[in-house]
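What follows is the residue order along each chain.
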Amino acid sequence: MHDFYSDTQTRPTRAMREAALDAPLGDERHDADPPTLELCARVAEMLGMEAALFLPSGTMCNEIAIAVHTRPGDEVICTRDSHIIFAESGGPAALSGVMMHPIDAERGMLTPDQVTGAVRPHSAHAPRSRLLVAEQTANLGGGAVWPVERLNMVAEAAKAAGLATHLDGARLLNAQVATGVPAADHAKGFDSAWIAFTKGLGCPVGAVLAGSREFVAEAWLLKRRWGGAMRQTGVLTAMCLYALDHHVERLAEDHALAQDIGGRLADLPGIARVLPVETNIVIADLADTAPNARELARRLRERKVTVTVVGPRRLRMVTHLDVGPADADALIAAMAALA
């Protein structure tokens, strides 16, 4: 199968699995698991934060951060195509009791004026604007990379209005590799941020959420309460450490492959538009002459090519360490035949 469904489809390499075999283990709940302590310390430093904790998923990172930064009845400002809206099963409402204030933004990137304009004046009749969530890279914006200056300006506007700030960094390291700007600079204006290990880095489980020591202490409480506290997590975090040492710089290969795919798709008559490709995500809009996105995805799967449907006439394709040029050729050939 030529799997462009998502970079979450990666499988741990043999070397990554072997890294876990001899890892010293302990109970993470008692700060006794060496690989987990090392990973959290490294990620906290990478993000310029005081502390961090290991969690099973990025969704849990986002949901815990929202719960720590808000109270029931508060409002969260984000883009309409944010992961917390389209892919977290209504978690902000179910788990934190908050309202969402979604904003339409070009390629998933807000402006300072949009943030300021979304903040509600204090009123007994309205929810309290309490948190800004930004996403680096912007997934449904085609893996768009926020310029660091703009990201920090948006965070500054939020803080000036009294909001807390959270950075969904699922593909933050893709942004780091694409720009050459350290992750800490991207996260500078944010009270909390996280990075994923289960996407381009190729690990089977895990993300690390970072913030102040006080924030992480509150996050640990929710980690336990919501069933995310584990025991010998070193079998997982040893693989994450391996990924930090061996799989970060190779993200550039994924970006190059995505750019190649985007350029070749744009030449097909069945493709109306391809969003600019900056990292490892390719989003293509289908021409009126092509089948709808869901039908085309079904036909592609019959040819052993998987993609994601992200709109009635929009497909997403994501490159990662388990696909290469031959897979890209298969994707383009199938699209040319079907679209």
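For the structure itself, consult the block above.
Residues numbered from 1 in each chain as written. Predicted model: local features only at pLDDT ≥ 70, side-chain atom pairs only at ≥ 80, totals over all residues. Heavy atoms only, no water.

A.B. asks: Give a detailed account of empty space enclosed by the protein, specifying residues and quantitative values.
C.D. replies: In this structure the tally under the stated criterion is two cavities of 30 Å³ or more. Approximately 60 Å³ is the volume attributed to the largest cavity. Lining the largest cavity, in full, are Gly169, Ala170, Arg171, Leu172, Leu173, Asn174, Ile195, Ala196, Lys199, Gly200, Leu201 and Leu251. Secondary-structure elements contributing two or more residues to the lining of the largest cavity are helix H8 (172–179) and strand S7 (192–196). Among the elements that line the lining of the largest cavity, the one with the most residues is H8, at three residues. Tallied by class, the residues present in the lining of the largest cavity amount to seven nonpolar, three polar and two charged. Considered as a void within the structure, the second largest cavity measures approximately 40 Å³ in volume. The wall of the second largest cavity is formed by Thr79, Asp81, Ser82, Gly108, Glu135, Ala138, Asn139, Leu140 and Gly141. (1 Å grid on protein atoms, 1.4 Å probe; cavity = no way out; pocket = protein on both sides within 12 Å on 5 of 7 lines; lining within 4 Å. Points joined across faces, edges and corners; volume = space filled by probe spheres on them. Helix = DSSP H or I, 4+ residues; strand = E, 2+ residues; numbered from the N terminus. Nonpolar A, V, L, I, M, F, W, Y, C, P; charged D, E, K, R; others polar.)

A.B. asks: Any details on the layout of surface pockets? Residues and values, ideally.
C.D. replies: Here the largest pocket defines a volume of roughly 390 Å³. In terms of lining residues, the largest pocket is bounded by 28 residues, among which Thr8, His83, Asn139, Lys199 and Arg316 are the most central. At the level of secondary structure, the elements contributing two or more residues to the lining of the largest pocket comprise helix H3 (58–69), helix H4 (83–86) and strand S12 (308–311).

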